[in-house]
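Residue-level structure breakdown
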Amino acid sequence: MSRLLHRDTVPPVPAAELTARSADGSRIHVELHGPEDAPAVVLAHGWTCNTRFWDAQIRDLAADHRVIAYDQRGHGLTPEPGPGGYSTNALADDLEAVLAATLAPGRRAVLAGHSMGGMTVMAAAARPGLREHAAAVLLCSTGSTRLAAEARVLPLRAGALRTRITTAVLGAKAPLGPVNPVSRKILKYATMGAGSAPDRVDACARIVHACPRRARVEWGHVLAGLDLAAGVRELRVPTAVIAGTDDRLTPPVHARAIAAALPVGLGLTELAGMGHMTPVEAPEAVTAKIRELVTRYVATGTAATGKAASAEKEDVA
């Protein structure tokens, strides 16, 4: 499968890779980029994506940050899960496992989550691991509840019928098929702004179409019934929110509700004309916000050493 974020670029080469072990024994693929003792950033991707979704951020930040990116269970190089299966609790378990495997006790980082990655952070908000390691959070293009009811992918009036059909689409078992002009057009309509560059549409299409069908379907069911409103209220670290004004999957109504409910909210940035894939559609804006959070909330020059920084393809029990 293609792991390129842009058609003619080579993916960033990690300084090290490791496998974190989640609470149920699931193996989580993790990449480490940048200097070991630099300020740390943890990146959690969304539904049907993988670590390559963050290539633009990794390229920029790895020059002077320790960038930690991981594949959510069932995505990318992370295999199907163990007995914990697919649930928001499993997402929280996996994030805690990644933080424990890559950050020394007490070392803090900026956590950035896109879509389901943001939901991961919300699901883990009350967890000891997150409270130990999160200095600040960036939530990109995400929601905490009523995803099927608020989604505007289907050109229907809001109501029970649209919600039922959207729920069915989220859990649809039909294969996505190959990337071609038709599938790119569909993906652009559903997930990106009208002005998105063709190479960025193609990159997103290749990432999404590479997602294993079972993971796409199982996580689709989880998203359809999502309720993480309590997690938003438990996210007691400085948190910024970014959303695209033309996001059909998680319209800005979600970002506004989250921003209003956060205990330590840093405000909402709405990106005009952008869709759901903000880290790819507007990489400069997302990267700049991460850098701002690092500057404000993570001590520079931190010498704390990640527990697995020198590990390569290592298992962390």
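Calculation rules
Residues numbered from 1 in each chain as written. Predicted model: local features only at pLDDT ≥ 70, side-chain atom pairs only at ≥ 80, totals over all residues. Heavy atoms only, no water. Helix = DSSP H or I, 4+ residues; strand = E, 2+ residues; numbered from the N terminus. Rg over C-alpha atoms; globule rule 2.2 N^0.38 Å. Buried < 20%, exposed > 50% of the residue type's maximum accessible area, 1.4 Å probe, protein only. Contact = heavy atoms within 4.5 Å. Areas by Shrake-Rupley, 256 points an atom, 1.4 Å probe, with all protein chains shown as cover. Pairing = 2+ DSSP bridges. Right-handed = clockwise from strand over helix to strand, strands pointing away. pLDDT = per-residue confidence, 0-100.

On a plain count of helices and strands, the chain comes out with 13 helices and 9 strands. A compact globule built from 317 residues should have a C-alpha radius of gyration of about 20 Å, and the chain, at 18 Å, falls within 12% of that. Seen through its C-alpha atoms, the chain measures out along the principal axes to roughly 55 × 40 × 40 Å. Residues classed as buried in the chain amount to 54% of the 317 residues present. When contacts within the chain are restricted to residue pairs at least 6 apart in sequence, those whose partners lie at least 24 apart make up 80%. For the chain, the exposed surface amounts to about 12300 Å²; the carbon and sulfur share of it is 56%.

On a regular strand, one side chain projects to one face of the sheet and the next to the other, so that they alternate. Relative to strand E8 (residues 265–271), strand E7 (residues 239–244) runs parallel, the two being bridged by 5 bridges. Bridge pairing links Ala243 to Glu270 in E8. Handedness of the crossover joining E7 and E8 through helix H11 (residues 252–261): right-handed.

With 91% of its residues at a pLDDT of 70 or more, the chain shows a mean pLDDT of 92. Here residues 1–8 is modelled with pLDDT under 50, and outside its nearest four sequence neighbours on either side it reaches 29 contacts, counting other chains as well.

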